[in-house]
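# Observations on the three-dimensional arrangement
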Amino acid sequence: MIGRYYTNFTIDKGLSNLTQIFITEATNFMENQAKQGNPFLLYWTPDANHQPAYASKMFWGKSIRDSRYGDSVMEVDYGVGVLLAKLRQLNIHENTLVFFSSDNGAEGIAGKNGGSNGPLLCGKQTTFEGGMREPGIAWWPGTIKPGVITRQVGTTMDMLVTAVGLAGLKLPSDRVYDGIDLFPVLTGKVDRVERAVWYYRGNELFAVRVGKYKAHLWTWSHQHYNFCPGEYVKDVTTPNQVNRTSDPIVFDLDNDPGEKYAITKGKTFKAAMELINPYLEEHRRTMVRGDPSLNYCDKMVMNWAPKGCEEINYCLQGPTTSSIKLCNWDH
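A quick note: this is a predicted structure, and the numbers were derived from the prediction, not measured. (Residues numbered from 1 in each chain as written. Predicted model: local features only at pLDDT ≥ 70, side-chain atom pairs only at ≥ 80, totals over all residues. Heavy atoms only, no water.)

## Re the packing of aromatic side chains
We apply this condition: Ring pairs shown here join Phe, Tyr and Trp side chains whose ring centres sit within 6.5 Å, with only the six-membered ring taken for Trp; geometry is labelled stacked below 30 degrees between planes, edge-to-face above 60, and tilted in between. A run of H or I in DSSP counts as a helix once it spans at least four residues, and a run of E counts as a strand once it spans at least two, with each numbered from the N terminus. We call a residue buried when its accessible area falls under 20% of the maximum for its residue type, exposed when it is over 50%, and partly exposed in between, using a 1.4 Å probe and counting protein chains only.
By the definition in use, this model includes 4 aromatic pairs. When the centroid spacing of 5.3 Å and the interplanar angle of 50° are considered together, the rings of Phe-59 and Tyr-78 count as tilted. With Phe-59 in the loop between helix H1 (18-35) and helix H2 (68-89) and Tyr-78 in helix H2, this pair connects stretches of sequence that are 19 residues apart. Here Tyr-78 falls in the partly exposed class, since its relative accessible area comes to 35%. Seen from their ring centres, Trp-140 and Phe-183 are 5.8 Å apart, and the 45° between their planes marks the pair as tilted. Of this pair, Trp-140 sits in the loop between strand S2 (137-139) and helix H4 (158-166) while Phe-183 sits in helix H5 (residues 183-186); the two residues are 43 residues apart in sequence, bridging distant segments of the chain. The residues Trp-140 and Phe-183 share a single accessibility class, namely buried.

## Things to note about the state of the cysteines
Under the convention used in this document: For the purposes of this analysis, a disulfide is any pair of cysteine sulfur atoms at a distance within 2.5 Å.
Using the criterion set out here, one finds 1 disulfide in the structure. Each sulfur in the disulfide pair Cys-122 and Cys-228 lies 2.0 Å from the other. One disulfide, between Cys-122 and Cys-228, carries an S-S torsion of 105° and so falls in the right-handed class. Of this pair, Cys-122 sits in the loop between strand S1 (98-100) and helix H3 (129-132) while Cys-228 sits in the loop between strand S6 (218-219) and strand S7 (242-243), and the two are 106 residues apart along the sequence. Since its relative accessible area comes to 4%, Cys-122 is described here as buried. Classification of Cys-228 as buried rests on a relative accessible area of 4%.

## Observations regarding H4
Think of an α-helix as turning once every 3.6 residues; residues three or four places apart then point the same way. Quick note on the threshold: Taking the helix axis as origin, the arc is that swept by the directions to the C-beta atoms. The contact definition used throughout considers only heavy atoms, calling two residues in contact when any of these lie within 4.5 Å.
Inspection of H4 places Asp-158, Val-161, Thr-162 and Val-164 among the buried residues, and these make up the whole buried set. Summarising the axial view, the buried residues of H4 lie within an arc of 165°, below the 170-degree limit, and thus occupy one face. Structurally, H4 contributes buried residues whose contacts are with H5. Taken from the residues just after H4, Gly-168 is the one with a positive phi, measuring 75°.

## Some remarks on the pattern of salt bridges
Spelled out, the test is: A pair is scored as a salt bridge if a Lys or Arg side-chain nitrogen falls within 4 Å of a carboxyl oxygen belonging to Asp or Glu.
Applying the stated criterion across every chain yields a total of 11 salt bridges. In this structure, Glu-31 and Lys-86 form a salt bridge, with 3.0 Å as the shortest nitrogen-oxygen distance. Within this pair, whereas Glu-31 is found in helix H1, its partner Lys-86 is found in helix H2, the two being separated by 55 residues in sequence. Here Asp-71 makes a salt bridge to Arg-68, at a shortest N to O gap of 2.9 Å. With Asp-71 and Arg-68 both in helix H2, this residue pair falls 3 residues apart, about one helical turn. Residue Asp-71 is classed as buried on the basis of its relative accessible area, which comes to 0%. Here Arg-68 falls in the partly exposed class, since its relative accessible area comes to 22%. The structure contains a network of salt bridges with shared partners spanning Glu-129, Arg-133, Lys-214 and Glu-259.

## Comments concerning the pairing of strand S5 (residues 213-216)
Quick reminder of the rule: A pair of strands is considered paired only if DSSP assigns at least 2 bridges between the two.
Side-chain alternation along S5 places Tyr-213 and Ala-215 on one buried face and Lys-214 and His-216 on a second face that is also buried. Relative to S5, strand S4 (residues 204-210) runs antiparallel, the two being bridged by 4 bridges. In the strand pairing of S5, Val-208 is matched with Ala-215. The antiparallel hairpin formed by S4 and S5 contains 2 residues in its connecting segment, where Gly-211 sits at a positive phi of about 60°. In the sheet, S5 pairs with strand S8 (residues 249-252) via 4 bridges, with the strands oriented antiparallel. By the bridge assignment, His-216 is partnered in S8 with Ile-249.

## Regarding the confidence of the model for the protein
Reading fine detail from the predicted coordinates is not recommended where pLDDT is low. Using the following cut-off: The quantity known as pLDDT measures the predictor's confidence residue by residue, on a range of 0 to 100.
Across the protein, the average pLDDT comes to 89, with 88% of residues at 70 or higher. pLDDT under 50 marks residues 1-6. Its contacts with residues more than four places away, or in other chains, come to 22 contacts.

## Regarding the sheet that holds strand S3 (residues 196-201)
In plain terms, the rule: All axes here are fitted lines through C-alpha atoms, helices being fitted over the stretch that makes contact, and every angle between N-to-C directions spans 0 to 180 degrees.
An order of S3-S4-S5-S8 is seen for the 4 strands of this open sheet, with the pairing classed as antiparallel. At either margin of the open sheet sits one strand with a lone partner, and together these are S3 and S8. Strand-to-strand twist across the sheet, computed as the mean angle between neighbouring axes with direction ignored, equals 20°. Pairing between S3 and S4: 6 bridges, direction antiparallel. Following the sheet pairing, Val-197 is matched in S4 by Arg-209.

Structural data, given as structure tokens:
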């Protein structure tokens, strides 16, 4: 029930206690599960860093960044610390995997009111590394060695497969999973698992990465919004959508994580595409496309009465269905 758009929690010019509520809910949940001796999965998703960023009075104006974004980062960092301390207090930290990541890169167009992607190209809303690459930090005292950096390419979709494996369960075999089990890599049992990572934008496959090579099949930085402020790479940060499927642009991300030096021919290009093409051909052959629910605009299908609303006597009545129409997503 707790979330940014729940009507009982307003955000007044960036001042909100919502992150503190998230922290309390999480620690209470962990404590209750530990007391009952239950294993648990906690998916903790504070959204204070998303525009409009917000912070509680405890962190209001504390960041040297002089913005609510900076304050919100400090508060989320504090919250992570509280959760880790609770695990230690409950003495379950050596039997708990904690994984920290994000859903997308920083929104460069937000300036000081958003984050920074450092040397990575562009930001949120793009399939360049600044839009798609996020930090991934795994913590499990006694199981995962601290201070180790892995070159393994992972995605948040790996969390499902990894968690099911740790629980000693098996996934249903009647479907295809995009994730892999990261546990052998996190524990150092294997160095890395070769796999393809797909960069989709809506229904279109914009890029694919295998190992250190990434091939752009489409390029687009957007003609109406500047998702790459202050950045320009010829024939790469194109304002209009450009189909490069027949002649991809390749980058060596180990040596060029900022995607500044395109590889379009020569031995390196050939070697990269010989590595990528088998994955790409298999993906295209076996991909079963669904019908994305976000393609349709109908407020009736929104979750107006989520589970738990009865307990606080606040379930909203959804509207009757409107005429189903395709949404116009210009970005």
